[in-house]
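Here is what each chain is made of, one letter per residue.
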Amino acid sequence: MSSRDTVWIVGIILALGVTWGMTSQRVSAMEKDVDRIEEALMMFTKIESRIAVIEAEVKNINKKLDRL
């Protein structure tokens with residue numbers, strides 16, 4: 001194996017390492033985005049249930065006001 005072959009092999013290994021690192025960073029960024037989306041969906045669900053409760057209370061208040 002000549003020094004020229006060694007340079008090629010080192011270059012290929014270096015390129016693979018860089019590619020692995022970039023892919024790892026992208027996956028980590030996507031995981032953070034997914035976590036933020038999950039948190040937003042949970043918050044939206046809580047808000048939606050609170051709105052339903054408020055809506056029911058407003059209907060009850062309207063019924064009471066109609067009786068007066």
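Structure: see above.
Keep in mind that what you see is a predicted model, and the values were worked out from it rather than measured.

Let us now look at the overall build of the protein. In terms of helices and strands, the protein carries one helix and zero strands. Across the 68 residues of the protein, 0% fall into the buried class. Carbon and sulfur atoms provide 66% of the accessible area of the protein, an area that totals close to 6,700 Å². Counting 10 positive and 10 negative side-chain charges, the protein places the centres of these two groups 5 Å from one another.

This brings us to the environment of Ile54. Secondary-structure assignment places Ile54 in helix α1 (residues 3-67). In this structure Ile54 comes out as exposed when scored by relative accessible area, which is 54%.

Evaluated as defined, the whole model comprises two salt bridges. Ionic pairing is found between Lys59 and Glu55, a salt bridge with its closest N-O pair at 3.9 Å. Here the residue Lys59 and the residue Glu55 both occupy positions in helix α1, the gap between them amounting to four residues, near one helical turn. Using a relative accessible area of 48% as the deciding quantity, one classes Lys59 as partly exposed.

Scoring rules and cut-offs
Residues numbered from 1 in each chain as written. Predicted model: local features only at pLDDT ≥ 70, side-chain atom pairs only at ≥ 80, totals over all residues. Heavy atoms only, no water. Helix = DSSP H or I, 4+ residues; strand = E, 2+ residues; numbered from the N terminus. Buried < 20%, exposed > 50% of the residue type's maximum accessible area, 1.4 Å probe, protein only. Areas by Shrake-Rupley, 256 points an atom, 1.4 Å probe, with all protein chains shown as cover. Lys, Arg positive; Asp, Glu negative; His and termini not counted. Charge placed at Lys NZ, Arg CZ, Asp CG, Glu CD. Salt bridge = Lys/Arg side-chain N within 4 Å of Asp/Glu carboxyl O.

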